[in-house]
Amino acid sequence: MQARKYIVVVGSLMSGLGKGIITSSIGRILQSKGLSPIPIKFDGYLNVDCGTMNPFRHGEVFVLDDGTECDMDFGTYERFLNIDLNGKCSITGGKLFSRLIEKERRGGFLGRDVQFVPHLTDEIKTWVRAVGEENKADVVLIEVGGTVGDLENGYFIEAMRQLANEEPGSVIFIQLTYLPALSAGEQKTKPTQHANRLIQSMGIFPRIIIVREGSPLTSEAREKISLYCSVPKGNIFDDPDLDTIYQLPIILEKQKFSEVLMGELGLKASNEDMKKWSSLVQKIIDPKDEVNVAIVGKYTAVKDAYVSVKEAIVHAGAHLNLKPNVIWVESTDLEGGEGAVKKAFTNIDAVIVPGGFGTRGTEGKINAAKYCRENKVPYLGLCLGCQLQVVEFARNIAGLKDANSTEFDEKSPAPVIDFLPEQKKIKEKGATMRLGAYDCILKKGTRAHEAYGTDKISERHRHRYEVNPDYRKALEDAGLVISGTSPDGSIVEMVEWKDSFGVSTQAHPELKSRLERPAPLFVALLKEAAKRKKKGA
Ligand code: GLN
């Protein structure tokens, strides 16, 4: 193994420049060179994790195998790198401060006043080094959340400055920036120059600058950035608008990114392989056929709330050489009844009802499930989408007219979905759901078993409710197929219709879908969608 290196990506000027995608692309490029990178994300907020954050404000809550509820960027890392991360890779202000304060209470700093420097910054460096060591990583790839100049991430940046000082030659800083252009089209570098000064005032000297902009970086702009920000022209990279985010590693490599980065860090390549990645990207950009997939949700105005679902569709499409057009359907719009659903689902080849919390929009999702069952539209339910498929079946087939989940109607006379037993006594809200990867045993001969092609699977979860065991028999007797259960058989993990493709899971298989390893249920759904389209149904 080569001596471990650290790459620190800092954003400047503004948020929303795609720092997570850049960090992931750098990781994927390093993998293609035979190196093993491990990503770490610094988030300055004082929440311990993202579990209690509203998707409207913060986008999707991503869940790891170990149950950590973390930032959406972890989804991007895993989708690009095709590795399973754990919660230690997410370093938040909340985690750091609680560690430090606990240590102080235990007497860990007896006689001392506890300071940001050196105590907090030491804690960060120790943590970063430990993650590198535990993962035997060649490169620790650190994404600093937020933008340079934010109060929240100042202590992280300071810790990285110290790390660079302690391990000379092992740490490289990459600045991500944006070039605005005025109406005449001239790219303006001044904001980047100022941002670079700000970074330098913190004792940090970026060696690579990656530039987001609307049109390709001009040579004048490149020269100015080089001159004012003290980086060679060849160390400035263009990050233009792309057809798909998965193109970025290829676009950076075309500009000889790895040569520059590895040259700066003295890293040697032991491999050269971007072929499979490039062929998948090609299928995303230039697919043979297309299908229309509706996502029925309640946060559809903020697409980030469903980013993993959206990406899982892209991955499945790439493997089938299909372009899945996503049509966002607001669940409350389906509450008008069958006519409203029919209208919304015109030309739709498949429907996904994703996860969610709270009552709003649930009746619309139930109407969607009913329509799909009655009209044989392929349906995939994810967590809440699974629970509502069960509610719909209970109401309209099993004769349990007022069936519901106790999440939406505590007094339902037929609570077919109810609290998981262990959830009943829990009062605290942080990290208390059924979280993380759980095994599930699939029943042979079911669509779920066919999709996965195996008896035992493991998917990630994030829920408090389940199919009420008291109603299992009634539902099965009415014809609902229970295609997956927990290994002891106590929890219903998957259900499906007999007569058409309506497969649901209590888990979130979208969280484990990667470009190079698509989620089997999404592949199965898109195959069904393509079949339906072909038949002209
Ligand atoms: N609200 C439901 C539950 O807690 C579904 C959760 C989800 O879709 N992630 O069980």
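Everything that follows concerns the structure shown earlier in this document.
Below is a summary of the structure that appears in this document. (Residues numbered from 1 in each chain as written. Predicted model: local features only at pLDDT ≥ 70, side-chain atom pairs only at ≥ 80, totals over all residues. Heavy atoms only, no water.)

**So, the sheet that holds strand S1 (residues 5–11)**
And then number 1: Reading across the sheet, the 7 strands line up as S5-S2-S6-S1-S7-S8-S9 and stay open at both edges, with parallel pairing between neighbours. Taken across any chain shown, the strands that pair with only one partner, and hence form the sheet edges, are strand S5 (90–92) and strand S9 (236–239). Between one strand axis and the next, the sheet turns by 20° as a mean value, whatever way the strands run.
And then number 2: Taken together, the 6 bridges between S1 and strand S7 (residues 171–178) define a ladder with parallel strand orientation. If you follow Val9 over to S7, its bridge partner there is Ile174.
And then number 3: Sheet strands in contact with helix H3 (residues 73–81) are strand S2 (37–43), S5 and strand S6 (139–147), and its direction is about 170° off that of S2.
And then number 4: Helix-sheet contacts for helix H4 (residues 93–105) involve S2 and S5, and the interaxial angle to S5 is about 70°. (Pairing = 2+ DSSP bridges. Helix = DSSP H or I, 4+ residues; strand = E, 2+ residues; numbered from the N terminus. Axes fitted to C-alpha atoms, helices over the stretch in contact; angles between N-to-C directions. Contact = heavy atoms within 4.5 Å.)

**Details of the site of the ligand**
And then number 1: The immediate surroundings of the ligand are formed by Gly355, Gly356, Phe357, Cys383, Leu384, Gln387, Glu407, Arg462, His463, Arg464, Tyr465 and His508.
And then number 2: Taking Glu407, its side chain carries an N or O atom lying 2.7 Å from a nitrogen atom of the ligand.
And then number 3: Within the complex, 98% of the 290 Å² of free accessible area of the ligand lies under protein.
And then number 4: The pocket occupied by the ligand, as judged from atoms lying within 2 Å of grid points, is the second largest pocket.
And then number 5: Of all the secondary-structure elements, those providing two or more residues to the shell around the ligand are helix H15 (384–396) and strand S17 (456–463).
And then number 6: Residue composition of the shell around the ligand, grouped by class: 4 nonpolar, 5 polar and 3 charged. (Near = heavy atom within 4 Å. Polar contact = N/O pair within 3.5 Å; in protein donor to acceptor, adjacent residues only side chain to side chain. Areas by Shrake-Rupley, 256 points an atom, 1.4 Å probe, with all protein chains shown as cover. 1 Å grid on protein atoms, 1.4 Å probe; cavity = no way out; pocket = protein on both sides within 12 Å on 5 of 7 lines; lining within 4 Å. Sits in = over half its atoms within 2 Å of the grid points. Nonpolar A, V, L, I, M, F, W, Y, C, P; charged D, E, K, R; others polar.)

**Considerations on the side chain of Arg472**
And then number 1: Tracing the backbone through its elements, the reader meets Arg472 in helix H17 (residues 472–477).
And then number 2: Buried charge without a partner: Arg472 forms no salt bridge, and the closest opposite charge is Glu476, 4.6 Å away.
And then number 3: Not counting the four nearest positions on each side in its chain, Arg472 is found in contact with Ile482, Thr485, Gly489, Ser490 and Val492. (Buried < 20%, exposed > 50% of the residue type's maximum accessible area, 1.4 Å probe, protein only. Lys, Arg positive; Asp, Glu negative; His and termini not counted. Salt bridge = Lys/Arg side-chain N within 4 Å of Asp/Glu carboxyl O.)

**Overview of the sheet that holds strand S15 (residues 414–419)**
And then number 1: Taken in spatial order, the 3 strands line up as S14-S15-S18 in an open sheet, and their pairing is mixed. Of all the strands in the sheet, the pair left with one neighbour each is strand S14 (403–405) and strand S18 (465–467). Direction aside, neighbouring strands of the sheet carry axes that sit 30° apart on average.
And then number 2: Bridge count between S14 and S15: 3 bridges; the pairing is parallel. Bridge pairing in S15 places Ser405 opposite Ile417.

**Observations regarding empty space enclosed by the protein**
And then number 1: Under the defined criterion, the tally for this structure stands at 1 cavity of 30 Å³ or more.
And then number 2: Computed from the structure, the largest cavity encloses a volume of approximately 30 Å³.
And then number 3: Together, Cys440, Ile457, Glu459, His461, Glu493, Met494, Thr505 and Ala507 line the largest cavity.
And then number 4: Where the lining of the largest cavity is concerned, the elements lending two or more residues are S17 and strand S20 (492–496).
And then number 5: Element by element, the count of residues in the lining of the largest cavity is highest for S17, at 3 residues.
And then number 6: Of the residues in the lining of the largest cavity, the class split is 4 nonpolar, 2 polar and 2 charged. (Points joined across faces, edges and corners; volume = space filled by probe spheres on them.)

**Regarding unusual backbone geometry**
And then number 1: In this structure, the amide linkage connecting Val117 to the following residue, Pro118, adopts the cis form with an omega of 15°.
And then number 2: Following the sequence through the fold, Pro118 ends up in helix H5 (residues 116–134).
And then number 3: Phi is positive for Asn321, close to 60°, though the residue is something other than glycine.
And then number 4: Along the chain, Asn321 falls in the loop between helix H12 (307–320) and strand S11 (322–330).

**Looking at the pattern of salt bridges**
And then number 1: Counted by the stated rule, this structure contains 41 salt bridges.
And then number 2: Salt-bridge contacts for Glu363 lead to Arg395; the nearest nitrogen and oxygen are separated by 2.9 Å. With a gap of 32 residues between them, Glu363 in helix H14 (residues 362–375) and Arg395 in helix H15 connect regions that are remote in the sequence.
And then number 3: Here Glu363 falls in the partly exposed class, since its relative accessible area comes to 32%.

**With respect to the packing of aromatic side chains**
And then number 1: Across all of its chains, the model carries 14 aromatic pairs by this definition.
And then number 2: Residues Phe116 and Tyr155 carry aromatic rings whose centres are separated by 5.9 Å and whose planes lie at 65° to one another, so their mutual orientation is edge-to-face. In this pair, Phe116 sits in helix H5 while Tyr155 sits in helix H6 (residues 154–166), placing the two residues 39 residues apart along the sequence.
And then number 3: On the accessibility criterion, Tyr155 (8% relative accessible area) is buried.
And then number 4: In this arrangement the basic side chain of Arg99 is found over the ring face of Trp127, its NZ or CZ atom lying 3.8 Å from the centre.
And then number 5: Sitting above the plane of the Tyr438 ring, Arg434 keeps its charged end 4.2 Å from the centroid. (Phe/Tyr/Trp six-rings, centres within 6.5 Å; stacked < 30°, edge-to-face > 60°. Lys NZ or Arg CZ within 6 Å of the ring centre and 35° of its normal.)

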